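If you want the building blocks of each chain, they are given just below.
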Amino acid sequence: MVAVMQTDMGETENSAVRPKVTDAKGILKQNRQFLDYFWDIAKPDRQIRLKAIEDLINYLKNSEQADELKYTLKRLVDGLSHTREDARSGYSVALAQLLSVFEEISLKSTLNSVKEKHNLLTASKKLIRNAVFGNFFGVLALSQSTRLHKEPQVMLECVQLLQSLSEYREHLRDLPRKTMVDILSETSQDVFEEVLFSALQSDLTSALKSPEQLELLLVALQKFPSVLKPKKLKKLLGTTAVITKQNMPRLVEVLKTAARSVKKENILPAVALDLLQVSLREDNFEMFWTDAIITGMMSEMPGPTHYLSFRLLGASLPLLSIPQLQFVLSGDVMRQYGEHTMSAQMPDRFKFAPEMAGYVGEFMQSCTDPDKQLVVVLGFTQLTNQGNPVVPSYWKALENMHPSAVQRYVDWLIEAFCKPQLENCLDFSTRRQKGNQEAAVESESCVSRFRKWIIPRLTFIVENQQIKKQEALVMKVVRFIFFHAFFEVKKPTSEIPETTQALSVPINQQTRTAVVSGFYSLLQALNSMMVLGESVEVQGLNFRRIVGVQADGSMWIYSVFQFASMLLNQNKYVKSLQSFSPEQRQGWDSVLESVEALRKKAKTASSPEHTAFQQLFLLIGIQMFTSPEESLDLLKDLQTCMEKAQAKKSKKKKATDEPHWVEVIVEILLSLVSQPSRLVRSVCKTVFGRICPHLTQAALSSILNVLDPNKDEDESGVVVTDDKKRKLKEEDEDDDDEEEDDDNDEGDDDDDDDDEEEGGEEGEESSDSSDDEEEDEAMEEGQEVDQNFRLELMKVLQGQNALATEEDGSDDEELDDAAMMKLDGSLASLFLEQRKKIQAKKDEKDRLNKEKGLVRDFKIKVLDMVEVFLSKQGFSPLVLGMVEPLLSVIENGMSSESSQPEQDYLRRVADIFRNRLCRGKFYCKEIDGREAELHEMLERLIGRAQKLTDSSVALYYFSAALYVLKVLRGSVVDQELSTMGKVEVERATTCLKNALTSFMTKRKSPLTGAMFIDLFHRFPVLCVNLMDTALENITAGLRDHQQGQACFIMLKALQCKHVKNLMTGEQTTELYKKVVDQLTKSLENVQCKNKTAHDKVVKALELCLHVVKIVLNQKMRVNLELLQDVLASMNAEGCLEKTGKLEDTYWSVMRLFGVIKPKMEKVKKVPEAEQTEETTKKKKGFLPETKKRKNRKKPTILEGKETETPVEKTPEGASGEGKKNKNKKKNKKRKQQAGEETQDQPTPKKAKMQQQQQQKQKKKKKKKGADGE
């Protein structure tokens, strides 16, 4: 050590003298922790910056060294001109916090330091940008220190510095002006008048030149009105007010500049809102809005100026009075906003409507005046495009509307529906609409569009839970919509308020259809609406989540039914659009009587089936207005069903048969649920949930038969017939979709007729296209159609003598013009007939697809009933009969290739089966007398699972088998795991043992190890009985995969604590002896040839690890010597000394035997020899050897020959590189020799490459020779 130190000292003395280290910044005197704060302050992450600033301030508070504060101030001032934006802002915030906490630091000296460090006069052109940022962020830190208002002179210098920085707009933009505004807003009136006014006078005088200077003036006017009196304003601007006719052109230019400056930010410039506030203070709002906004800004092309006007409109809503709101909302800005909203519906266009909805929503939330709210809502409602309001019917801005305003708004909508006054609306047409319409738009179509919009808006007000409303208002809306959906006025009467509002324009059929659809949507909303009100009783009902009822407990649909009955009895004043026959009217009256009887019984003894019958009666009764014949049939069945249910209940179930009324009502529900209506689907789901406790096996079978995949054809026929019968109902509920389809079909027929009449080129084109379609179809159908068509074509040509034969001696045309025309007509009719055949096939295919879709939708609705039953009656014995039908649906769906909708349906079935049935909270516990049946089901499920080909389907069968076992065992606590309830353990063990043996001995088994692990975990008794089978297959398994799975299953079984509790000490010891013997045999002469064998060894070693650990810890009398010898032999050649899962597990086992993994000696790389001075010298004009490009292309070797690769002489110091190159050449040579066996001769391309390589090698040799010379 001493010698080395002396040698180093000698080298130091002989070396050149180093310059003296200076520490001008004092960095070397600071500690590491203190310096790290400054590094963190400059980091990009904002949270890290803030944390570093906080820690730095706390450190300085507790520090006892005076120079650290001085160093911090200097370091922060230097960092203000950092090249990164995040670092600059971090240093600025840190400086502001430092000045705020340590008031002993003078602001004057700090500002001087900033000016001195970042001098704008002495900075070079390259560093002027950093100097500008340094000055600005220094002033920003002073203004944020909350001490600037205490030192007016420093404030004055800061303002003057900001004024000088305004020249560097290319770097700072409008930041200096904004900072001046911030300083001004925190300044007292005395300081402004005495100190700042004189400094800012030049900026205030030129206020109408730029948005920033105008903003400065407006803030000063708002903050110091007593200072900037009209006389001073006259000196500054030449006028006593800001909003004047004289200043208007310059104000417009300033607003346009401000609009363009925020084009990318999409925000409202502050100067625009301040100008609007000034106009309100000066009482010149209408002049400002008319001249500056409408005349000035809106005269530009659509763009930033229009968006500024729209934003100013939205932001001004809370500031304006009611007359001003009416003036603004009926002006040209609103009209332009409407045109923008309609034209911006195209994709990839900027949409302002969401932003305007946000402005209106904020206004509605903050405004407490119902009158103002009503004016704003009416203003946007009356903005119409050819009668259709621009805002959507479902508008969230109404959620914060005052209840009184909601009441008045609903009254206005009802009045507008009856007597639409479109002349009071702000109606417009887009440029495209103006170009397309040849004449004026008909007023009736505008009225129809307006009425179609009003109905969804009324529905939205009722169904939105956030809009506060009373039950009377809801009932008023429901009565109004129902009346105009199904009735019309004969004579007005005060008894029916709906008749007193006469219609100025009659309701056409399209509007009537929309009203009917709106009524059913409203009824669906009422059926799921919570109870309205704030009383204690109402809160109790809502806490129990009771929906669809009023505060008194009566259902909403019952009130609607009562209103309908009253209207039907008032034939003198109203007329029903759906005329009822005497039988149908009698059915209606019977519904009313049945419902009243059920209501009386519900008051004395309420039961779920009473409510269910009421809902069904009322729903079917309401549907009599759309489909009276079908509803009457359903009412008769329902009436009979109710009578049987009451008779059965009165007899107290003396009969042995199950009640038939449940089966009837299920059939009624199935027929109802096939209708395309959300209301019917929801009611059926609710009713079925209430009758679930009375469900019978026959009723459940009728539900499951719908899902049976073997009965698709029958079910599809039923659904299609039902769909055709309910055509009118679909039209009513789906907004006239069927009429549009019929119109399209008629248009297609017209096109076909036109094709028949057209001739010439168009006829030829159509025949060509039909030829193409026919050929494509023929390819699909096996060319049968093509052959028939060719035969027909041959007959036509032969009939007209237009087909050339071998007997014809000449090729000249033999047909005259008349014959050619006749031939053309025959060919056209033939091709047209063929086209119709192809179209008929396509229509048939579409019909079948539609039919499948209807069947699938019907099944999805039926699945709702299945899910409800499993959720509410999971403990019913009937659930056991659902297992196999649901499994058949899953199996059938998995085995067939299906489309995405079919896959969604299958996924829904699987989800219900797995989560609602197998994993449900409740399961059947009453199985007396059904034990044999359940054991047979268990054997069927396990047997079927073994015969499948898909493991995913087998998993569902195996899960069902475990569910059956759970039912047979019953409820068991942890202390009673040895009991298996009513399970025949031997029978179940035999069945499962066969399944486990099948899994271990069959090559392609659908069963998996995870299935048996789940079985062992849930049923420890069966696990104990099956462990011997699993143990045998550790060595007897068919393949390595099965043997590995056997090891894994045994490991999980031995780790289960319940299995340990079921076995005695002797049984456990004997079991571990067998496991050790099997592992010893399994690991003898093991070879990891492939991944499967490798995984098997890993699982066997994991089992070894657990077994050895337990044996050694519990000191069992188990001989481990043979196992230790086998394990030691596995590493005889040292092949397990690397890293990996297998190696790590192996050495974990060996560590238990006291054998530690040997440490791998790291082979150091051979150090490169020192290069001599001659080799290290670079020759001028030549590249060093390491920089020369090497030829990486492999030379091709002909069969039986070897090409000697030229060996380049390397210098002595490059021995390592030489060895690497030699190794690479040896590897290449081996690959080339291995390729000789499969490559007889080189391809022409390879031969050409060989010539090129030989030429390159010759050139290299020549160059080397020249270098040597």
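First things first, this report covers the structure right here in the doc.

What counts as what
- Residues numbered from 1 in each chain as written.
- Predicted model: local features only at pLDDT ≥ 70, side-chain atom pairs only at ≥ 80, totals over all residues.
- Heavy atoms only, no water.
- Helix = DSSP H or I, 4+ residues; strand = E, 2+ residues; numbered from the N terminus.
- Polar contact = N/O pair within 3.5 Å; in protein donor to acceptor, adjacent residues only side chain to side chain.
- Contact = heavy atoms within 4.5 Å.
- Salt bridge = Lys/Arg side-chain N within 4 Å of Asp/Glu carboxyl O.
- Buried < 20%, exposed > 50% of the residue type's maximum accessible area, 1.4 Å probe, protein only.
- Pairing = 2+ DSSP bridges.
- Axes fitted to C-alpha atoms, helices over the stretch in contact; angles between N-to-C directions.
- Parallel < 35°, antiparallel > 145°, perpendicular 65-115°, else oblique.
- Left-handed = near helix turned anticlockwise from the far one by under 90°.
- Nonpolar A, V, L, I, M, F, W, Y, C, P; charged D, E, K, R; others polar.

The next point concerns the side chain of Gln-373. For Gln-373, the position within the fold is in helix α21 (residues 370-381). Polar contacts involving the side chain of Gln-373 include one to the main-chain carbonyl oxygen of Asn-400, which spans 3.4 Å. Those residues in contact with Gln-373 that lie beyond four places of it in its chain are Phe-363, Met-364, Cys-367, Asn-400, Met-401, His-402 and Ala-405.

A few words on the pattern of salt bridges. All chains considered together, the criterion is met by 34 salt bridges. In this structure, the salt-bridge partner of Arg-408 is Asp-371, at a minimum N-O distance of 2.7 Å. Placement of the pair is Arg-408 in helix α22 (residues 403-418) and Asp-371 in helix α21, with a sequence separation of 37 residues. Under the relative-accessibility criterion, Asp-371 is labelled partly exposed at 32%. Arg-479 is paired through a salt bridge with Glu-498; the nearest N and O atoms lie 3.2 Å apart. Of this pair, Arg-479 sits in helix α25 (residues 471-486) while Glu-498 sits in helix α26 (residues 497-500), and the two are 19 residues apart along the sequence. A network of salt bridges, in which partner residues are shared, links Arg-681, Asp-864, Glu-867, Arg-908 and Arg-916.

Once that is clear, we can look at the sheet that holds strand β3 (residues 426-428). The strand order across the open sheet built from three strands is β2-β1-β3, with neighbouring strands paired in mixed fashion. Each of the sheet's edge strands pairs with one partner strand only, and the pair in question is β2 (388-389) and β3. Looking at chain direction, strand β1 (residues 383-385) and β2 are connected through two bridges and run antiparallel. Counted as the bridge partner of Thr-384 is Pro-389 from β2.

To continue, consider the packing of helix α46 (residues 985-1001) against helix α48 (residues 1020-1036). Packing of α46 against α48 leaves a shortest axis separation of 10 Å and a crossing angle of 30°. Viewed along their axes, α46 and α48 adopt a mutual orientation that is roughly parallel. Between α46 and α48 lies a crossing of right-handed hand. Between α46 and α48, the contacting residues are Val-985, Ala-988, Thr-989, Leu-992, Lys-993, Leu-996, Thr-997, Met-1000 and Thr-1001 on the first element and Val-1021, Leu-1022, Asn-1025, Leu-1026, Thr-1029, Ala-1030 and Asn-1033 on the second. In terms of residue class, the contact of α46 with α48 is built from nine nonpolar, six polar and one charged.

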